[in-house]
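Structural overview
Take a look at the letters that make up each chain.
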Amino acid sequence: MDKIQTKIIKVNERKPEKELVMEGVDLIRKGKLVAFPTETVYGLGANGLNQEAVKKIFMAKGRPQDNPLILHTSSIEDIRPLVKSISKEAEMIMKRFWPGPLTILFKKSSLVPEIITAGLDTVAIRMPNHPIALELIKESGVPIAAPSANTSGKPSPTSARHVIEDLHGKIHMIIDGGNTGVGLESTVLDLTQKTPMILRPGGITLEDLQKIIPNVEEDLSIVKDDKDIIPKSPGQKYRHYAPKADMIVFSGKLEDIVMEIKTKTKEYISKGKTVGIMATEETKTRYEEGLIISVGNRENMETIGHNLFNTIRQFDEEDVDIILAEGVKKSQIGTAIMNRLKKASGGKIIKV
Ligand code: TXA
Ligand code: MG
């Protein structure tokens, strides 16, 4: 692929400067790629109704063609032409959670190009809760297709620096709006089946959704730690968020986790390996060896979600051979954190 001149612009995340956002709008309208911040992770955007533009997303990321994309809109009204129908349930959920970290699957209309849905009859749509994203979409006047703005297989980007690492020279613009908030990708909710089903856990949790749709369930691949269960959502089957180092996640009682990680650290170091320990605020002083990074606070698990992908990238920069990570409780946002740890480790979760 020819090298592309990547323009990086810094935009105020609370009050985006209109003239700067319009530079991105101009590129989207011309069928080019623009990376932009959302409240979850950075997205790699293209005009979602322009097949040729969307093709460039797959090329820049090295993304498998069978992995469908999310369309981003700036209002609930804008989704009507993209879907066959909107159920009462969907109306309620959109009203409650949009804009926000929730993607909803609908039956697609014929307006949505095949390349977006990878041939499926459903389309994933979300309205992000971020001033820059909303302004970019609104002014472009089209739904914006946007996967996470990372090279396929790498952790999703939570800062412009991460996007630069992965995509500089491959896309036309990166809008730098600082660090993202949630830090994990949106929850993907399928409302096209009889039972509402969470296909990917994220910032809007099972517990949040149960308040509006009590019969909502989680895909088996989320509930079980077993790595042989094939997820329903195409993107969930790939080893994602993979650090260069091997990674092992320990789950169970916190005290047991700490003891086990200490033992394993000694073992690996005696074999001449460099060890990274993904600890938490509550445990970080308990370790004596290895490169210890606290990923956040167990009492406030949102902080762990916020920092997770950056921490994985940090271990990569330090070039450790193996990462030993503490697991968290699988409730609220902890479900999404464990789901990402499961994928980062290729399913290596050890119960202690
Ligand atoms: O927070 C997010 O969702 C971010 C920001 C940029 O909005 N985007 C994101 O996109 O994470 P991506 O492409 O990295 O992940 C989209 C996920 C994939 O797992 C994909 O397989 C799934 O959504 N997906 C998209 N369309 C689908 C469909 N029609 N049926 C089932 N899964 C679908
Ligand atoms: Mg992704």
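Reading the values: the criteria
- Residues numbered from 1 in each chain as written.
- Chains lettered and ligands numbered in written order.
- Predicted model: local features only at pLDDT ≥ 70, side-chain atom pairs only at ≥ 80, totals over all residues.
- Heavy atoms only, no water.
- Domains from an automatic or database assignment.
- Contact = heavy atoms within 4.5 Å.
- Buried area = accessible area lost by both parts, 1.4 Å probe.
- Pairing = 2+ DSSP bridges.
- Helix = DSSP H or I, 4+ residues; strand = E, 2+ residues; numbered from the N terminus.
- Phe/Tyr/Trp six-rings, centres within 6.5 Å; stacked < 30°, edge-to-face > 60°.
- Lys NZ or Arg CZ within 6 Å of the ring centre and 35° of its normal.
- Buried < 20%, exposed > 50% of the residue type's maximum accessible area, 1.4 Å probe, protein only.

**Quick look at the domain arrangement of the chain**
What the domain assignment reports for the chain is domain 1 (7-223) and domain 2 (246-351). Put simply, the middle of domain 1 and the middle of domain 2, counted by C-alpha atoms, are 28 Å apart. In this complex, domain 1 contributes 28 residues to the contact, which on the side of domain 2 involves 18 residues. In this assembly, domain 1 packs against domain 2 so that about 1,800 Å² is buried in total across both faces, 49% of it on carbon and sulfur atoms.

**Comments concerning the sheet that holds strand 11 (residues 217-218)**
The sheet built from 11 strands is open, its strands ordered 1-8-2-3-7-4-6-5-9-10-11 with mixed pairing. Looking at the sheet topology across the chains shown, the edges are occupied by strand 1 (7-10) and strand 11. Taken together, the 2 bridges between strand 10 (residues 197-200) and strand 11 define a ladder with parallel strand orientation. Its bridge partner being in strand 11, Met197 is matched across the sheet by Glu217.

**A closer look at the packing of aromatic side chains**
Inspection of every chain in the model, using the stated rule, returns 0 aromatic pairs. Across from the ring centre of Tyr268, 5.2 Å away, lies the NZ or CZ of Lys271, which sits over that ring.

**Digging into the pairing of strand 5 (residues 102-107)**
A large share of strand 5 lies buried, amounting to 5 of its 6 residues. Of the pairings in the sheet, the one linking strand 5 to strand 9 (residues 187-190) comprises 4 bridges and is parallel in character. Bridging across to strand 9, Leu102 finds its partner in Thr187.

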